[in-house]
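# Observations on the three-dimensional arrangement
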Amino acid sequence: MTSDNSWELEEGIPQFEDPFIQQYLKGRDSLIAEEQKRRHDATFRKTLSPMAARACRIVSQIRSREHDEVWTTGLDDETAHQSDEILYPGVMFHHAKGRMEKTNLWKIVEKMPKGSLLHAHMDAMFDIDFLIDQAFCTPGIHMSAPKPLLTPHDYDTAPVFFQFSSQPSEACKDKPAVWLEAYEPSSLIPIQAAADSFPKHGEAGFREWLKSRCMLMPEHAYHHYHGVDAIWAIFTKTFPVINSILMYEPIFRACFRRMLGQLAADGIRYVEFRIAFVFQYRKEGQDKIEEDYHEWCRVVEEEVEKFKATEEGKSFYEARIIWTTLRMLPNKDIVESMKQCIVSKMDFPALISGFDMVGQEDKGRTLVDLVPLLFWFRKTCSEEQVDIPFFFHAGECLGDGDSTDQNLFDAILLGTRRIGHGFSLYKHPLLIDLVKEKKIMVECCPVSNEILRLASSIKTHPLPALLARGVPVSLCNDDPAILGQGKNGLTHDFWQVLQGLQNVDLVGLAMMVQNSIQWSCYEDQSTAEWKRGVEEGILGQGLKATRLREWWSDFEKFCEWVVLEFAEFDEDD
């Protein structure tokens, strides 16, 4: 007996060694184990090989060390009071970004085979610096604006556009720059001339300014008074600027080729891009805007095939497009987009994989408001003998029972195969049961949800509630370039979840990767074929089963690498 606990015995306080306390602890362990059986990864955990189980143990031990050594600053530490750096496990993304990319956990997650990327807005994925470089080095790129940009407010919010023009640069050289009051509204100025005349530090300042118009800056995410509507207002202004540069054939080809390489290097073998078909596309050397999206679709297919034939793309399966249109548009424009979707599906059956409505849910039209159009679309698809399933955004909101939150009900009733974001789903126990019963997967985008002010950090994200209830989830990156991730791929989102959520270890990440493959739309399938493929999983006979088996082989090799590379962290050896 030590003097430290002698007073406890004198007071009659039970000790942990007492049989009835031990009985309580056994019951406690049983209750925790029972809950673990209901988690999304319970079955997966039982199938691990000894090598994979050891790798998972090592990763958890590395995470535990880094929690203490990298992410925890003692409040009594003198250096903590002198530093403005904010540190804690699960800290906001932009605070963590620079430090996370230097950790062992980052090295591990970066190396992990990540399966499929199923929720990614193509025009929000291109490296912004590279995009701007292409604008400068591509002949004929000009800048215009509806009015001169004179005030700080103009610089931040006024519309600006870029486009190819075949007119000689000499014809514009004496025109007043867009930064001057004498600028002629909507007149074209060569991009180099616009940059050279930029009032703040010339071309270098112009590049920084243009980059700020193409992405959310870290300070936007830091400011909590920027609610969802305010941050979305900034967010949506980036797309017209980006697309005006991007959607010229030589620039698009170069940026798309680079992006595919980045995705493949991050361990992604298949991707389903979303893109709102409201952009204007020009072929190389053409001033005229294309009347439809046939040429754009052709270029996408061509570039994917070229990439797959390269060394860096040899393991890449495919890229497909979920056709999207803006939910805020009037009926006539939505129906016109639906018609173009059907025509494009007939012309490029292997490229178009589904249909969705995009844009801020809180400000856009609800799915119930769009039901007549969606029924018309489904009927027309049937008449034209094309199968274009729904992959709806729903529940990307903070509401609880409002009309936006209720998009979840309509997404499920309309037969969506996956739900984009599903942020508010955890508030609906009945819908959670239906999602599981109907085998609907949630495309979760944790970094995006944080930066767009739905969650303050990964610690307040509803993802753990879905995983604990056994809801199938895959991790996605949504809009990595605009949101300031600085890297394409899934490593940031994977790292945030692994580092910030104690109940998600390497097994949990692996289960979500398996989901991404199981719910991939690799090929057109009827509803019955789709459900059968999802239910059979790796035991099936189709393409999904084959690719699941290939991923398991890749995952086993990855686990072997973890064990060899980080053996010194295995405390159980």
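About the criteria used
Numbers given for residues are sequential positions, taken from 1 along each chain in its written order. For a predicted model such as this one, the threshold for reporting local features is a pLDDT of at least 70, and the threshold for listing and counting side-chain atom pairs is 80 or more; totals across whole chains, interfaces and linings nevertheless cover every residue. Note that the side-chain values use all heavy atoms of the structure and ignore hydrogens as well as water. In DSSP terms, a helix is any run of H or I states spanning at least four residues, a strand is any run of E spanning at least two, and both are numbered starting from the N terminus. With C-alpha atoms as the basis for the radius of gyration, the globule rule is written as 2.2 Å multiplied by the number of residues raised to the power 0.38. Each residue's exposure class comes from its accessible area (1.4 Å probe, protein chains only) as a fraction of the maximum for that residue type: buried when under 20%, exposed when over 50%, partly exposed otherwise. Strand pairing is defined by DSSP finding a minimum of two bridges between the two strands. Only C-alpha atoms enter the line fits that serve as axes; for helices the fit covers just the stretch in contact. Angles between N-to-C directions range over 0 to 180 degrees. Summarising the geometry, the arc corresponds to the directions from the helix axis toward the C-beta atoms. Note on definitions: salt bridges are taken to be side-chain nitrogens of Lys or Arg within 4 Å of carboxyl oxygens of Asp or Glu. UniProt positions are given in the numbering used here, feature names are shortened, and annotations may be inferred rather than shown by experiment. For this text, the term disulfide refers to a pair of cysteine sulfurs within 2.5 Å. Here the aromatic set is Phe, Tyr and Trp, taking the six-membered ring for Trp, and pairing holds for ring centres within 6.5 Å; pairs whose planes are under 30 degrees apart are stacked, those over 60 apart are edge-to-face, and all others are tilted. Distance and angle both matter: a charge sits over a ring if NZ of Lys or CZ of Arg is within 6 Å of the ring centre and within 35 degrees of the ring normal. The definition of a nonpolar core used throughout is a set of buried Ala, Val, Leu, Ile, Met, Phe, Trp, Tyr and Cys residues joined through side-chain atoms within 4.5 Å. Any two residues whose heavy atoms approach within 4.5 Å are treated as being in contact.

Bringing the overall build of the protein into the picture now. The helix and strand inventory of the protein stands at 26 helices and eleven strands. What you see for the protein is a C-alpha radius of gyration of 26 Å, in line with the 25 Å of a compact globule of 573 residues. The principal-axis extent of the C-alpha atoms belonging to the protein is close to 95 × 65 × 50 Å. Here the protein holds 573 residues, and 54% of them are scored as buried.

Right, let's talk about the sheet that holds strand β9 (residues 418–421) for a bit. With parallel pairing, four strands are arranged side by side in an open sheet as β8-β9-β10-β11. Edge strands, defined here as strands with exactly one partner in the open sheet, are β8 (392–394) and β11 (473–475). For this sheet, the mean inter-axis angle between neighbouring strands, taken without regard to orientation, is 30°. Of the pairings in the sheet, the one linking β9 to strand β10 (residues 441–444) comprises three bridges and is parallel in character. Paired with G420 across the two strands is E443, which belongs to β10.

This part covers helix α13 (residues 228–236). The complete set of buried residues in α13 reads V228, I231, W232 and F235. For α13, the angular spread of the buried residues around the axis is 100°, confining them to a single face.

Another aspect to go through is the pattern of salt bridges. Under the defined criterion, the tally for this structure stands at 34 salt bridges. The shortest N-O distance in the salt bridge between K308 and E305 comes to 3.2 Å. Here K308 and its partner E305 are both found in helix α16 (residues 294–308), three residues apart, which amounts to about one turn of the helix. Residue classification places K308 among the partly exposed residues on the basis of a relative accessible area of 22%. According to the relative accessible area criterion, E305 is partly exposed, its value standing at 43%. Each of E249, R253, R257, E295, R298, E302, E303 and K306 takes part in a single network of salt bridges with overlapping partners.

Turning our attention to the UniProt feature "domain: Adenosine deaminase" (unreviewed entry) in the protein. Residues given the UniProt feature "domain: Adenosine deaminase" (unreviewed entry) here are residues 232–528. Helix and strand shares over residues 232–528 are 45% and 13% respectively, and the end C-alpha atoms of the span are 38 Å apart.

Time to look at the state of the cysteines. Scanning the entire structure with this criterion turns up zero disulfides. Not part of a disulfide, C444 finds its nearest cysteine sulfur in C445, a span of 6.5 Å. Accessibility expressed as a relative area gives 2% for C444, which makes it buried. Summary of cysteine pairing: C521 is not part of a disulfide, and the nearest cysteine sulfur, belonging to C341, is at 12 Å.

What follows concerns the packing of aromatic side chains. Overall, the coordinates contain 43 aromatic pairs when judged by the stated rule. When the ring of F44 is compared with that of F555, the centres are 6.5 Å apart and the planes differ by 65°; the resulting orientation is edge-to-face. Of this pair, F44 sits in helix α3 (residues 42–46) while F555 sits in helix α26 (residues 543–565), placing them 511 residues apart in sequence. The burial state of F44 is the same as that of F555; both residues are buried. Put simply, the rings of F126, F252, F256, F273, F277, F279, Y293, W296 and W323 pair up and form one aromatic cluster. The ring of F375 is capped by R378, whose NZ or CZ atom sits 5.0 Å from the centre of that ring. Its end group placed over the ring of Y522, R547 keeps NZ or CZ at 4.5 Å from the ring centre.

As a rule of thumb, soluble globular proteins bury nonpolar side chains together. Counting residues in hydrophobic clusters, the biggest one holds 179 residues, and the most contacted among them are F206, F273 and W296. Filtering out sequence-adjacent residues up to four positions away, F206 remains in contact with F136, M143, F162, W179, I191, A194, A195, F198 and K200.

Turning our attention to the pairing of β10. A two-sided burial pattern is seen for β10, the buried positions comprising M441 and E443 on one face and V442 and C444 on the other. Across three bridges, β10 lies against β11 in parallel orientation. If you follow V442 over to β11, its bridge partner there is V473.

To continue, consider the sheet that holds strand β1 (residues 115–121). Strand pairing in a sheet is mediated by backbone hydrogen bonds. Such pairs are either parallel or antiparallel. Taking strand neighbours across the sheet as the criterion, the four strands line up as β1-β5-β6-β7 in an open arrangement whose pairing is parallel. For this open sheet the edge positions go to β1 and β7 (352–358), each flanked by a neighbour on one side alone. The average undirected angle you get between the axes of adjacent strands in this sheet is 25°. Relative to β7, strand β6 (residues 318–326) runs parallel, the two sharing six bridges. Its bridge partner being in β7, T324 is matched across the sheet by D356. This element, helix α15 (residues 249–265), spans β1 and β5 (268–276) of the sheet and lies at about 135° to β5.

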